[in-house]
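Architecture at a glance
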Amino acid sequence: MTELAWLARNAPIDSFPAPHMALHEPDGLLAAGGDLSTDRLLHAYQHGIFPWFEEGQPVLWWTPNPRCVLRCADFHRSRSLLRTLRRQPWRVSFDQAFAEVIDGCAEARSGRRRTWITASMRAAYQALQQRGFGRSVEVWDGDELIGGIYGVAIGRMYFGESMFSRRADASKVALLALCQQMAAHDMPLLDCQVRSAHLTSLGATMLAREEFLQMIAGLCPACVPAASFDPGAIPVLNFKNSAAFQR
């Protein structure tokens, strides 16, 4: 592919080029344009494509090769995380503060002046949440939200979008809780999109794009929301010796 494919705003939702047509540099850039309608987003995720762009840019669609994933059974619980689980009186909840988690992920961070979570992205993922596909994990210290993750859950697949921490290890606790719930609902694979040292330290690995696409085709063949996670607020201590992570 020598030229980037452009999608008209009203283009059919299945107008994306085939994933193997994505650019090698930057890795995985597949198309630009279109819109962030709920149906287009759901079609994209089912086919291994996600949006990622900054304010002032057109919508950019990506499908990296290889793909960063976390098999839930491979989540790595470090000694420091186990200490946090023993000592902190935090609680974990699911799908109780979706918009607040997005806001937490969009906060300015050290070394980053601006966020890719634009107003249009916020609105698009809140629309997904209203249809049962946008899902979040929240970590609380009393009534204060201190960490969390949000993403898109289709069938037996969770496509992670972003996570944040306002306290050390809070996002790791959220990720552990998410993996436990996914394992309990026969959802073996968490899409992490792009590799980072932090994700690798937690057990994430790389999959060739073709293998990833084959896996998600089996895990979310129909566009239906994933099973609901535990609706209650759970003490983090409950995740220390989860049966889902016994080896």
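Remember, predicted model here, so these are calculated numbers, not experimental data. In this numbering scheme, every chain counts its residues from 1 along its sequence in written order. Reporting in this predicted model follows two pLDDT cut-offs: at least 70 for local features of residues, and 80 or more for side-chain atom pairs to be given and counted; totals over whole chains, interfaces and linings ignore these cut-offs and use all residues. No hydrogens and no water enter the side-chain calculation; it runs on all heavy atoms of the structure.

Taken in spatial order, the four strands of this open sheet run E1-E2-E4-E3, and their pairing is mixed. Each having just a single partner strand, strand E1 (5–7) and strand E3 (50–51) make up the two edges of the open sheet. Pairing between strands requires that DSSP locate at least two bridges from one strand to the other. Secondary structure follows DSSP: runs of H or I at least 4 residues long count as helices, runs of E at least 2 residues long count as strands, and numbering of each begins at the N terminus. As judged from the three bridges shared by E1 and strand E2 (residues 29–33), these two strands associate in the parallel manner. What sits directly across from Leu 7, in E2, is Gly 33.

Attention now moves to the environment of Arg 40. In this fold, Arg 40 is placed in helix H1 (residues 38–46). Only protein chains enter the accessibility calculation, which uses a 1.4 Å probe; a residue is then buried when its area is under 20% of its type maximum, exposed when over 50%, and partly exposed in between. We classify Arg 40 as buried; its relative accessible area is 2%. Expressed as a C-alpha distance, the spacing of Arg 40 and Asn 65, which sit 25 residues apart in the sequence, is 21 Å. When near neighbours in sequence (up to four residues on either side) are disregarded, Arg 40 contacts Ala 8, Arg 9, Asn 10, Ala 11, Pro 12, Ile 13, Phe 16, Gly 34, Asp 35 and Trp 61. Separated by 3.3 Å, the side chain of Arg 40 and the backbone oxygen of Pro 12 make a polar contact. Contacts were defined at the residue level, with two residues in contact if any of their heavy atoms lie within 4.5 Å. Counted as a polar contact is a pair of N or O atoms within 3.5 Å, where, for protein atoms, one must be capable of donating a hydrogen and the other of accepting one, and residues adjacent in sequence contribute only when both atoms are in side chains.

A word on the pattern of salt bridges. Salt bridges are defined by distance alone: a side-chain nitrogen of Lys or Arg within 4 Å of a carboxyl oxygen of Asp or Glu. The full count for this structure, using the stated rule, is 10 salt bridges. A salt bridge links Arg 135 to Asp 95, with the nearest nitrogen and oxygen atoms 3.0 Å apart. A residue pair is termed long-range when its members are at least 10 positions apart, and Arg 135 in strand E7 (residues 134–141) and Asp 95 in the loop between strand E6 (91–94) and helix H3 (98–106) qualify at 40 residues. The partner of Asp 169 in a salt bridge is Lys 172, and the shortest N-O contact between them spans 3.6 Å. Residue classification places Asp 169 among the buried residues on the basis of a relative accessible area of 15%. Overall, the relative accessible area of 19% leaves Lys 172 in the buried class. Taken together, the shared-partner salt bridges in this structure form one network comprising Asp 141, Glu 144 and Arg 167.

One can find Arg 77 in the loop between strand E5 (67–71) and helix H2 (79–87). According to the relative accessible area criterion, Arg 77 is partly exposed, its value standing at 21%. With 99 residues separating them in the primary sequence, Arg 77 and Leu 176 have C-alpha atoms 8.1 Å apart.

The next subject is unusual backbone geometry. With an omega of -5 degrees, the peptide bond between Glu 25 and Pro 26 qualifies as cis. Examined against the element boundaries, Pro 26 turns out to sit in the loop between E1 and E2. Across the junction of Asn 65 and Pro 66, the peptide omega takes the value 5 degrees, indicating a cis bond. One can find Pro 66 in the loop between strand E4 (60–62) and E5.

The next subject is the layout of surface pockets. Of the volumes computed, that of the largest pocket is approximately 630 Å³. Glu 161, Ser 162, Met 163, Cys 192 and Leu 199 are, among the 26 residues lining the largest pocket, the residues nearest its centre. Of all the secondary-structure elements, those providing two or more residues to the lining of the largest pocket are E3, strand E9 (157–165), helix H5 (170–184), strand E10 (189–193) and helix H6 (197–201). For the lining of the largest pocket, the element with the highest residue contribution is E9, accounting for seven residues. Tallied by class, the residues present in the lining of the largest pocket amount to 14 nonpolar, seven polar and five charged. Cavities and pockets are defined on a 1 Å grid built over the protein atoms alone: a cavity is a set of grid points where a 1.4 Å probe fits but cannot escape, while a pocket is an open set with protein on both sides within 12 Å along at least five of seven lines, and lining residues are those with an atom within 4 Å of any such point. Grid points are joined across faces, edges and corners, and a volume is the space filled by probe spheres set on the points. Each residue is assigned to one class: nonpolar for Ala, Val, Leu, Ile, Met, Phe, Trp, Tyr, Cys and Pro, charged for Asp, Glu, Lys and Arg, and polar for all the others, Gly among them.

It is worth spelling out the nonpolar core at this point. In plain words, nonpolar cores are sets of buried Ala, Val, Leu, Ile, Met, Phe, Trp, Tyr and Cys residues tied together by side-chain atoms within 4.5 Å. The biggest cluster of nonpolar side chains holds 49 residues, and the ones touching the most others in it are Trp 61, Tyr 125, Tyr 150, Val 152, Phe 159 and Phe 212. Of all the secondary-structure elements, those providing two or more residues to this core are E2, H1, E4, H3, helix H4 (119–130), strand E8 (144–154), E9 and helix H7 (209–219). Counting 36 residues, the second largest nonpolar core, distinct from the first, contains Val 139, Leu 176, Cys 179 and Ile 234.

Turning our attention to the sheet that holds strand E12 (residues 234–235). Spatially, eight strands are ordered E11-E5-E10-E9-E8-E7-E6-E12 in an open sheet, and the strand pairing comes out mixed. Each edge of the open sheet is held by one strand with a lone partner, namely strand E11 (205–207) and E12. The pairing of E6 with E12 spans two bridges and is antiparallel. Considered in E12, the bridge of Arg 91 is made with Pro 235. Axis definition: a line fit to C-alpha positions, over the contact stretch in the case of helices; interaxial angles, taken between N-to-C directions, run 0 to 180 degrees. Against the sheet, H3 touches E7, E8 and E9, its axis set at about 105 degrees to E8. Here H4 sits on the sheet and contacts E7, E8 and E9; the angle it forms with E8, its principal contact strand, is near 70 degrees.

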